[in-house]
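# Commentary on secondary and tertiary structure
Listed below, chain by chain, are the residues.
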Amino acid sequence: MATVRLVALKAPLTRHGRWLPPPWALLRPPNTAVRAFSSVMSPPSTAVVYDEHGPPDTVCKVKELPPVQIKDDDICVRMLAAPINPSDINRIQGVYPVRPPVPAVGGYEGVGEVHSVGSAVKGLSPGDWVIPSPPSSGTWQTYIVRDQNVWHKIEKSTPIEYAASIAVNPLTGLRMLEDFVDVKSGDTIVQNGATSIVGQCLIQLARDRGIRSINIIRDRAGSDEAKEKLKNLGADQVFTESQLEVKNVKSLLADIPEPALGFNCVGGNAASLVLKFLKQSGIMVTYGGMSKKPITVSTSSFIFKDLSLRGFWLQKWLSSDKAKESRVMIDYLLSLVREGKLTYEMELVPFNQFQSALDKALGKLGTQPKQIIKF
């Protein structure tokens, strides 16, 4: 019986002494195993994270987060800037009505640059500037991966600090000005908390429409300077609370018509002062309670003046399928910014100085401009 010898076939050598792949290897698609287990990932992110609710200066920590998978409909955004809003602080404290489950990344609005896009994304490309609209939790980090529907493209000529902070406070001012009373040129509004960002926006939005504004501020050091700043923005009248401790506040108005619409973000006595200015059947809209004191309304205000009290919460308004509508309003507000018709005080702070910015936002260093984190 003949002996059969099995000989192992070797791939030929190249002239450089390297092995060529054997012929049968060419039948398998290259990198099959690698492709089956690989995906597009974001860069790792540096984020402000809180593992539990509590005082922000205690529970917030800067941490490194691992890369995140970028799915077909996702966009990876490199954040450029994000503000520290009072509502951000309330979420971390655990007292805001709607808040993300912990552990969570802080922040709720901001602006970023598209870093990379999923294979199914249309209309956005790397380099575009975008904001989350409606606002979305987790903006205090260097990279965010979210579905393309979260992001709204804006003009890159917009100043970065305004792009980062346009979607909450200015939008709140615009909606309140338009949603409750049909105020027209020549009419008047009244508000407390006039030095707040919403207050500053209301003054300018009203001025742009020919609407006069009566503004109430706290008695504090520097109140004369605050009055002058508000008047430079377009405020018609600015009073401290103590100036309004008179029986007839309307005698202070001179030729300004009585307001039909008022705004309250303070509560307590400051809210009562707004009510004193309102004319018959006027409406006061409450959107905050900085004093943490209740609103007290006299019986005569209801019976004889027929005043109405309403509330406004932007997040609830946005949850009523208003996302597309709100983006048109944001574009309008940003156009006012670029035209120099809308401005408010802010301070850009590098991300590596986040703790200092947080201390300012918490009021540890007295009254400070809105803090905008620049990544």
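Quick summary incoming for the structure in this document. (Residues numbered from 1 in each chain as written. Predicted model: local features only at pLDDT ≥ 70, side-chain atom pairs only at ≥ 80, totals over all residues. Heavy atoms only, no water.)

### Details of the pairing of strand E10 (residues 212-217)
Looking along a regular strand, one sees the side chains alternate between the two faces of the sheet. A large share of E10 lies buried, amounting to five of its six residues. With helix H6 (residues 197-208) bridging strand E9 (residues 188-192) and its parallel neighbour E10, the resulting β-α-β unit is right-handed. Examined bridge by bridge, E10 and strand E11 (residues 237-240) share four bridges and lie parallel to one another. Of the residues in E11, the one forming a bridge with isoleucine 214 is glutamine 237. Note that the unit made of E10, helix H7 (residues 223-233) and E11 has a crossover that is right-handed. (Buried < 20%, exposed > 50% of the residue type's maximum accessible area, 1.4 Å probe, protein only. Helix = DSSP H or I, 4+ residues; strand = E, 2+ residues; numbered from the N terminus. Right-handed = clockwise from strand over helix to strand, strands pointing away. Pairing = 2+ DSSP bridges.)

### Re the side chain of serine 136
Counting through the fold element by element, serine 136 comes out in the loop between strand E6 (129-132) and strand E7 (143-147). Side chain to side chain, serine 136 and arginine 146 meet in a polar contact 2.6 Å long. (Polar contact = N/O pair within 3.5 Å; in protein donor to acceptor, adjacent residues only side chain to side chain.)

### Some details on the pairing of E9
When you tally the buried positions in E9, you get five out of five residues, the bulk of the element. Of the two faces of E9, both are covered, the one formed by Thr188, Val190 and Asn192 as well as the one formed by Ile189 and Gln191. Sheet topology places E9 next to E10; five bridges connect them, and they run parallel. Considered in E10, the bridge of asparagine 192 is made with isoleucine 216. Direction of pairing for E9 relative to strand E12 (residues 261-264): parallel, over a ladder of three bridges. Following the sheet pairing, glutamine 191 is matched in E12 by phenylalanine 263.

### A short note on H7
Among the residues of H7, those classed as buried are Ser223, Ala226, Lys227, Leu230 and Leu233. One side of H7 holds all its buried residues, which, seen down the axis, span an arc of 120°. Away from its buried face, by an angle of more than 90 degrees, H7 presents the exposed residues Asp224, Glu225 and Asn232. In this structure, the buried side of H7 is in contact with H6, E10 and E11. Positive phi shows up at glycine 234, right after H7, with a value of about 125°. (Arc of directions from axis to C-beta. Contact = heavy atoms within 4.5 Å.)

### Some remarks on the sheet that holds E10
Read across the sheet, six strands follow the order E11-E10-E9-E12-E13-E14 without closing on themselves; strand pairing throughout is parallel. Strands at the two margins of the open sheet, each flanked by one partner only, are E11 and strand E14 (308-311). Across the sheet, the axes of successive neighbouring strands diverge by a mean angle of 20°, strand direction being ignored. The pairing of strand E13 (residues 283-286) with E14 spans four bridges and is parallel. In the sheet register, valine 285 faces E14, and the bridge partner there is arginine 310. Contacting E10 and E11, H7 runs over the sheet at an angle of about 160° to E11. (Axes fitted to C-alpha atoms, helices over the stretch in contact; angles between N-to-C directions.)

### Here's the deal with the pattern of salt bridges
Under the criterion given, the structure shown has 19 salt bridges. Residues aspartate 208 and lysine 341 are paired through a salt bridge, measuring 3.8 Å at the closest nitrogen-oxygen approach. Of this pair, aspartate 208 sits in helix H6 while lysine 341 sits in the loop between helix H11 (323-338) and strand E15 (346-350), placing them 133 residues apart in sequence. For aspartate 208, a relative accessible area of 36% gives the class partly exposed. Judged by relative accessible area, which is 35%, lysine 341 ranks as partly exposed. Here lysine 322 makes a salt bridge to glutamate 325, at a shortest N to O gap of 3.4 Å. What makes glutamate 325 partly exposed here is its relative accessible area of 36%. (Salt bridge = Lys/Arg side-chain N within 4 Å of Asp/Glu carboxyl O.)

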